Amino acid sequence: MKRWMLSKGLWRLWIPGGSMLLLGGCGLSDAQLASVWQSVITTALTTMMSQWATTLFGAASGAT
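Cut-off values and rules
Counting restarts for each chain: residues are numbered from 1 in the order of the written sequence. In keeping with the predicted nature of the model, local features appear solely for residues at pLDDT of at least 70, side-chain atom pairs appear and are counted solely at 80 or more, and the whole-chain, interface and lining totals rest on all residues. In computing side-chain values, all of the structure's heavy atoms are included and hydrogens and water are not. Think of it this way: any DSSP run of H or I at least four residues long counts as a helix, any run of E at least two long counts as a strand, and we number them from the N terminus. Three labels apply to residues, based on accessible area from a 1.4 Å probe with only protein chains included: buried if under 20% of the type maximum, exposed if over 50%, partly exposed otherwise in between. Here, Shrake-Rupley sampling with a 1.4 Å probe gives the accessible areas, and only protein chains in the shown set may cover a residue. A patch consists of residues whose relative accessible area exceeds 30% and which take part in no salt bridge; residues with like charges are grouped when within 9 Å of each other, and nonpolar side chains (Val, Leu, Ile, Met, Phe, Trp, Tyr) when within 5 Å. Salt bridges are identified by distance alone: a Lys or Arg side-chain nitrogen within 4 Å of an Asp or Glu carboxyl oxygen.

Colleague: Looking at this model, I keep getting lost on the overall build of the protein. Mind explaining?
Modeller: Within the protein, the regular secondary structure consists of 2 helices and 0 strands. Per-residue burial for the protein yields a buried fraction of 8% across its 64 residues. For the protein, the exposed area adds up to about 5400 Å²; of that, 70% sits on carbon and sulfur atoms.

Colleague: Where do I start with a nonpolar patch on the surface in this structure?
Modeller: A cluster of nonpolar side chains, Met-49, Trp-52, Leu-56 and Phe-57, forms an exposed patch at the surface whose accessible area comes to about 460 Å². For Trp-52, the position within the fold is in helix 2 (residues 30-63).

Structure representation (structure tokens):
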């Protein structure tokens, strides 16, 4: 894995993760926090998979 990919990936995880830690004491119920976590994780995974597919298929189409 290239270094720039790792650093961008870490920022995508650290920023939402840090925000969630701050929200831990905000008075939301467990169900609400679980829903927010689910949304954050789903969005992060969708973004990473989309960028991976774009990179993979972009490289494949550029090589032909």
